[in-house]
Amino acid sequence: MLDGELTSREFTFRIHQRHGHELALTERLAELDDEYDILEYGDRTVDQVDAEVTAEARRLAAHPDVLAEATDTLW
């Protein structure tokens, strides 16, 4: 996704499909995939969710063994 081969939506969909909500390391990406599905009912835009997916992908690329709760204050 970071090198442009997948869209943010495709990336979260694949992560969610493979790991569901059971893998702590990718839990936030699965949640963001769910957010894409409910955008029309909320106050967030596709661009906002895309930006959060990109930030989470960059965080994982930089620190793949650290859970989001321990390092991130975005949510």
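Whatever comes next refers back to the structure up there.
Right, let's walk through the structure included here.

Rules used in this analysis
- Per chain, the residues get numbers from 1 upward, laid out in the order the sequence is written.
- In keeping with the model being predicted, local features are shown solely for residues with a pLDDT of at least 70 and side-chain atom pairs are shown and tallied solely at 80 or more, while totals for entire chains, interfaces and linings include all residues.
- With hydrogens and water stripped out, all remaining heavy atoms of the structure feed into the side-chain values.
- Whenever Lys or Arg places a side-chain nitrogen within 4 Å of a carboxyl oxygen from Asp or Glu, that contact is recorded as a salt bridge.
- Helix numbering and strand numbering both begin at the N terminus, where a helix is a DSSP run of H or I of at least 4 residues and a strand a DSSP run of E of at least 2.
- The classification of residues rests on relative accessible area computed with a 1.4 Å probe and restricted to protein chains. Under 20% of the type maximum is buried, over 50% is exposed, and intermediate values are partly exposed.
- Nine residue types can take part in a nonpolar core, namely buried Ala, Val, Leu, Ile, Met, Phe, Trp, Tyr and Cys, and a core is a set of them joined through side-chain atoms within 4.5 Å.
- Expected helix span is computed as 1.5 Å times (number of residues minus one).
- Here the arc refers to the set of directions running from the helix axis out to each C-beta atom.
- Throughout, a residue-residue contact means that at least one pair of heavy atoms, one from each residue, lies within 4.5 Å.

### Considerations on the pattern of salt bridges
Pairing between side chains of opposite charge can happen when their charged atoms approach one another. For the coordinates displayed, the defined rule picks out eight salt bridges. The salt bridge involving arginine 9 is made with aspartate 33; its shortest N-O contact spans 2.1 Å. With arginine 9 in helix H1 (residues 8–19) and aspartate 33 in helix H2 (residues 27–37), this pair connects stretches of sequence that are 24 residues apart. By relative accessible area, which is 30% here, arginine 9 ends up partly exposed. Residue classification places aspartate 33 among the buried residues on the basis of a relative accessible area of 5%. The partner of glutamate 35 in a salt bridge is arginine 44, with the nearest N and O atoms 2.7 Å apart.

### Describing the nonpolar core
Listed in full, the 12 residues of the largest apolar core are Met1, Leu6, Phe11, Ile15, Leu29, Leu32, Tyr36, Leu39, Val49, Val53, Ala57 and Leu60. When contributions to this core are tallied by element, the ones reaching two or more residues are H1, H2 and helix H3 (46–62). It is H3 that provides the largest number of residues to this core, a total of four residues.

### Regarding H1
The end-to-end C-alpha distance of H1 is 16 Å, a good match for the 16 Å that 12 residues give at a rise of 1.5 Å each. Considered for burial, the residues of H1 that qualify are Ser8, Phe11, Thr12, Ile15 and His16. Buried residues along H1 cover an arc of 125° about the axis, so they all sit on one side. Exposed residues pointing more than 90 degrees away from the buried face of H1 are listed as Gln17 and Arg18. Those residues of H1 hidden inside the fold are in contact with H2 and H3.

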